[in-house]
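# Close look at the chain arrangement
Spelled out, the chains give:
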Amino acid sequence: MSLNSFALEHKAQIAATIGLVTFALAKHKLTPGGIVVATVVATVHMLDPYPVFFWLLVPFFLLGVLVTKIGHAEKARLTKSADGSAGGEGPRGWMQVVANGGVASVLIALHTFLSTSSPFMSPRAGVWPGVHAPVLQRLLPIGIIAHYGAVAADTFGSELGIL
């Protein structure tokens, strides 16, 4: 797939990524390293034949921003930042982006590989999929969706649970 055909096929996703990156920069939601890793995560999500995986990122990010804002003054009073000063944390860094999107990105990369390769290659060929690839290909979306459910629950629980 050429870069032009990729861009044409994913123009809505690219526009959403640019919009989210612009928002994150303007509102200081992510550090520069967080922006780079988030862009890589979004690109990996775009590569999969199922666009729903990419579109899971948008509400996860926006709802995460929303729940972080709820009760911000109260949370700042009750917590300390990582450097020991009063108040909550600042923008999210690359490690937090990897923690929230890394597992899904690995699962999506595997799903993309299985979706674009022959399911009946020899299992003796090392990393090439074998006869069980169709089963794994059908199960990976469950793992991806479950991952986002888990990280959303963690984010919501840590942001709202303190109130």
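Please read these numbers as outputs of a predicted model, since none were measured by experiment.

### Some thoughts on unusual backbone geometry
One non-glycine residue, histidine 28, lies in the positive phi region at around 55 degrees. Assignment of secondary structure puts histidine 28 in the loop between helix H2 (11–26) and helix H3 (32–47). Residue histidine 28 is classed as exposed on the basis of its relative accessible area, which comes to 58%.

### Describing the nonpolar core
Ranked by size, the top nonpolar core spans 23 residues in total, and within it Leu30, Phe54, Leu57 and Tyr148 carry the most contacts. Among the secondary structure elements, those contributing two or more residues to this core are H2, H3, helix H4 (52–69), helix H6 (94–115) and helix H7 (133–160). With 7 residues, the single largest contributor to this core is H4. With residues near it in sequence (within four places) discarded, phenylalanine 54 still touches Gln13, Ala16, Thr17, Ala42, His45 and Met46.

### What about the environment of histidine 10?
By secondary structure assignment, the location of histidine 10 is in the loop between helix H1 (3–9) and H2. Through-space distance from the C-alpha of histidine 10 to that of threonine 43 is 9.9 Å; in sequence the pair is 33 residues apart.

### Some points on the packing of aromatic side chains
One pass over the full model with this rule turns up 4 aromatic pairs. Centroid distance tyrosine 50 to phenylalanine 53: 5.7 Å. Interplanar angle 40 degrees. Geometry classified as tilted. What makes phenylalanine 53 buried here is its relative accessible area of 1%.

### Points about the pattern of salt bridges
This model, assessed by the stated rule, comprises 1 salt bridge. Here glutamate 159 and arginine 92 are joined by a salt bridge, their closest N and O atoms 2.8 Å apart. Of the two residues, glutamate 159 sits in helix H7 while arginine 92 sits in the loop between helix H5 (72–78) and H6, which places them 67 residues apart along the sequence.

### Describing the packing of H2 against H3
Orientation of H2 relative to H3, taken along the N-to-C sense of each, is 165 degrees, at an axis distance of 11 Å. Between H2 and H3, the crossing angle belongs to the class labelled roughly antiparallel. Crossing of H2 over H3 shows right-handed handedness. Side by side, H2 and H3 meet where Gln13, Ile14, Thr17, Val21, Ala24 and Leu25 of the first sit next to Ile35, Thr39, Ala42 and Met46 of the second. Residue composition of the contact of H2 with H3, by class: 7 nonpolar, 3 polar and no charged.

### Some details on the side chain of threonine 155
Mapped onto the elements of the fold, threonine 155 is located in helix H7. Residue class for threonine 155 comes out buried when judged on its relative accessible area of 13%.

### Quick notes on the layout of surface pockets
By volume, the largest pocket is sized at about 1100 Å³. Lys29, Leu30, Gly64, Thr68 and Arg92 are the residues nearest the centre of the largest pocket, which is lined by 42 residues in total. Residue assignment for the lining of the largest pocket shows that the elements contributing at least two residues are H2, H3, H4, H5, H6 and H7. Examining the composition of the lining of the largest pocket, we find that 9 residues originate from one element, H4, more than from any other. Split into classes, the residues belonging to the lining of the largest pocket amount to 19 nonpolar, 14 polar and 9 charged.

### Brief notes about the environment of leucine 110
With respect to the helices and strands, leucine 110 occurs in helix H6. The spatial distance from the C-alpha of leucine 110 to the C-alpha of leucine 136 is 9.4 Å, given a sequence separation of 26 residues. Sequence-distant contacts of leucine 110, defined by excluding residues within four places in its chain, comprise Leu136 and Leu140.

### Thoughts on the packing of H3 against H4
Axis separation between H3 and H4 bottoms out at 7 Å; the angle between their running directions is 145 degrees. Residue-level contacts link Val41, Ala42, His45 and Met46 of H3 to Phe53, Phe54 and Leu57 of H4.

Scoring rules and cut-offs
Residues numbered from 1 in each chain as written. Predicted model: local features only at pLDDT ≥ 70, side-chain atom pairs only at ≥ 80, totals over all residues. Heavy atoms only, no water. Helix = DSSP H or I, 4+ residues; strand = E, 2+ residues; numbered from the N terminus. Buried < 20%, exposed > 50% of the residue type's maximum accessible area, 1.4 Å probe, protein only. Core = buried A, V, L, I, M, F, W, Y, C linked by side-chain atoms within 4.5 Å. Contact = heavy atoms within 4.5 Å. Phe/Tyr/Trp six-rings, centres within 6.5 Å; stacked < 30°, edge-to-face > 60°. Salt bridge = Lys/Arg side-chain N within 4 Å of Asp/Glu carboxyl O. Axes fitted to C-alpha atoms, helices over the stretch in contact; angles between N-to-C directions. Parallel < 35°, antiparallel > 145°, perpendicular 65-115°, else oblique. Left-handed = near helix turned anticlockwise from the far one by under 90°. Nonpolar A, V, L, I, M, F, W, Y, C, P; charged D, E, K, R; others polar. 1 Å grid on protein atoms, 1.4 Å probe; cavity = no way out; pocket = protein on both sides within 12 Å on 5 of 7 lines; lining within 4 Å. Points joined across faces, edges and corners; volume = space filled by probe spheres on them.

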